[in-house]
Amino acid sequence: MRSLGLQERTRWFYGLLFGGLVLAIGGTVTGFLLLEDSWLQLLLAGAMGVILTQLAFLGHEASHRQVMASGPANDRVGWVLAVVFVGISYSWWMNKHTRHHGNPNKVGKDPDIVSDAFSFVEQDAVGRPRMPAWVTRRQGRFFFPLMLLEGLNLHVQSVRSLWVNRRNPGRSLELAVLSIRFVAYVAAVLWLLPLGMGLAFIGVQLAVFGLYMGASFAPNHIGMPIVERDVKLDFFTKQVCTSRNVTGGWWATVIMGGLNYQIEHHLFPSMPRPHLAAARRLVREHCRTLDVPYTETNLIAAWEIVVRHLNRVGLAAGRGFQCPVATGLR
């Protein structure tokens, strides 16, 4: 990979991408000011949700050292993109996402499969109270509707983590900037739009942001093999066998911010987005040589796999708690 230059930074690409997104924000704000009291503003709210998701993808890449040459420079870029533009704690994201990359889909290690609104492993679904169990049994059907709330959930989780973790050295600055951003954003929308329309604008923007984020990140690992607590795998097998690529070429790369090359991203986390397609060809050939499964499918099929997996896991919620001692005495 290094001999082919695939690990070299592509600052020109990220400069053009960031410039295009800033222009898109400028165009959306201009349209927002010109439309005034019109329900067409909700279209602009949806557009803003898409733009902020694209900025989140860019922040994700900066956190992986893909954008700039040095680690501190990438952290500064990622911090500004996450905190100032998207409104999410960068330190929270770094902590959570670094742990995920270290042990993808491993029970007790990967924070992305910890039971929350969804249960990703059967043992987390068993024994849930009646109402949560009813939802869990149908969680695959509710996946996309619940993703409409994921944008709000991401904002709340990141602020909650800063509030609880008082030892975080950058905690005060992040909380201050996030608070200023929130107040300024809400005040500007409600000042320029009637109350109902303004709240609808914020709701649509958050819903589109959450749905877009969820629909882009979910195909990466959900429905792939789960690694049990006591299982140890080598780095290559661990990263390849728990990840799924999404086919579609350049359009999938644009839509998913490079997340469609999830296998290559996990093997080479600092590789810039423009080089992932070339890396894919080499990784696939290497997997054939080693007889290691290499999983990729189209986006629609990946979403179907996610829904089926969640529904299958959710069925365990109907079984109730089983005492391991009593089970062993039968």
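Refer to the preceding data block for the structure.
Residues numbered from 1 in each chain as written. Predicted model: local features only at pLDDT ≥ 70, side-chain atom pairs only at ≥ 80, totals over all residues. Heavy atoms only, no water.

A. Structural context of the overall build of the protein. For the protein, the helix and strand inventory stands at 16 helices and 2 strands. The C-alpha radius of gyration of the protein comes to 21 Å, within 12% of the 20 Å expected for a compact globule of 330 residues. Projected onto its principal axes, the C-alpha coordinates of the protein cover approximately 70 × 55 × 40 Å. Counting only residues that meet the buried cut, the protein has 46% of its 330 residues in that class. Taking the contacts inside the protein whose residues are at least 6 apart along the sequence as the reference set, 70% of them involve residues at least 24 apart. In the structure as shown, the protein presents an accessible area of about 16,700 Å², 66% of it carried by carbon and sulfur atoms. (Helix = DSSP H or I, 4+ residues; strand = E, 2+ residues; numbered from the N terminus. Rg over C-alpha atoms; globule rule 2.2 N^0.38 Å. Buried < 20%, exposed > 50% of the residue type's maximum accessible area, 1.4 Å probe, protein only. Contact = heavy atoms within 4.5 Å. Areas by Shrake-Rupley, 256 points an atom, 1.4 Å probe, with all protein chains shown as cover.)

B. Highlighting the packing of helix H9 (residues 171–192) against helix H10 (residues 195–217). The interhelical angle for the contact between H9 and H10, taken along N-to-C directions, is 135°, at an axis separation of 8 Å. In terms of axis orientation, H9 runs oblique to H10. Relative to H10, H9 is oriented so that their crossing is right-handed. When H9 is examined against H10, the residues Tyr185, Val186, Val189 and Leu190 are found in contact with a partner set consisting of Leu195, Gly198, Leu199, Phe201, Ile202 and Gln205. (Axes fitted to C-alpha atoms, helices over the stretch in contact; angles between N-to-C directions. Parallel < 35°, antiparallel > 145°, perpendicular 65-115°, else oblique. Left-handed = near helix turned anticlockwise from the far one by under 90°.)

C. Structural context of the pattern of salt bridges. The tally for this structure, following the rule as stated, stands at 7 salt bridges. For Glu61, the salt bridge identified is with Arg273, shortest N-O distance 2.6 Å. Of this pair, Glu61 sits in helix H2 (residues 41–63) while Arg273 sits in the loop between helix H13 (262–267) and helix H14 (276–290), and the two are 212 residues apart along the sequence. Here Arg288 makes a salt bridge to Glu285, at a shortest N to O gap of 3.1 Å. Here Arg288 pairs with Glu285, and both are found in helix H14, just 3 residues apart, close to one helical turn. One network of salt bridges, with partners in common, ties together Arg280, Arg284 and Glu296. (Salt bridge = Lys/Arg side-chain N within 4 Å of Asp/Glu carboxyl O.)

D. Molecular detail of helix H3 (residues 71–86). End to end, H3 covers 21 Å across 16 residues, agreeing with the expected 22 Å (1.5 Å per residue, within 8%). Listing the buried residues of H3 in full gives Ala73, Asn74, Gly78, Leu81, Ala82, Val83 and Val86. Elements in contact with the buried residues of H3: helix H1 (11–35), H2, helix H4 (90–102), helix H8 (150–164), H9 and H10. With a side-chain oxygen positioned 3.3 Å from the backbone nitrogen of Ala73, the residue opening H3 is Ser70. In the segment just after H3, Gly87 is the residue with positive phi, at about 85°. (Expected span 1.5 Å × (residues − 1). Polar contact = N/O pair within 3.5 Å; in protein donor to acceptor, adjacent residues only side chain to side chain.)

E. Representation of the nonpolar core within the structure. Counting residues in each nonpolar core, the largest one holds 26 residues, and the members touching the most others are Leu55, Leu58, Val86, Ile88, Leu154, Phe209 and Met213. Among the secondary structure elements, those contributing two or more residues to this core are H1, H2, H3, H4 and H10. It is H2 that contributes the most residues to this core, 8 residues altogether. In this structure Ile88 touches Ala82, Val83, Leu154, His155, Ser158, Leu178 and Phe209, once residues within four positions along its chain are discounted. (Core = buried A, V, L, I, M, F, W, Y, C linked by side-chain atoms within 4.5 Å.)

F. Focus on the environment of Arg229. Within the secondary structure, Arg229 is located in the loop between H10 and helix H11 (235–241). When its relative accessible area of 60% is taken as the criterion, Arg229 is described as exposed. C-alpha separation for the pair Arg229 and Ser161, spaced 68 residues apart in sequence, amounts to 25 Å. Excluding anything up to four places from it in sequence, Arg229 contacts Lys106, Val107 and Gly108.

G. Region of the structure containing a nonpolar patch on the surface. Residues Val29, Leu33, Trp191 and Leu192 make up a contiguous nonpolar surface patch of about 430 Å² in total accessible area. Put simply, the parts of the chain that give the nonpolar patch at least two residues each are H1 and H9. Looking at the secondary structure, you find Leu192 in helix H9. (Patch = residues over 30% accessible without salt bridge, like charges linked within 9 Å, V, L, I, M, F, W, Y side chains within 5 Å.)

H. Main features of the side chain of Thr297. One can find Thr297 in strand E2 (residues 296–297). For Thr297, a relative accessible area of 18% gives the class buried.

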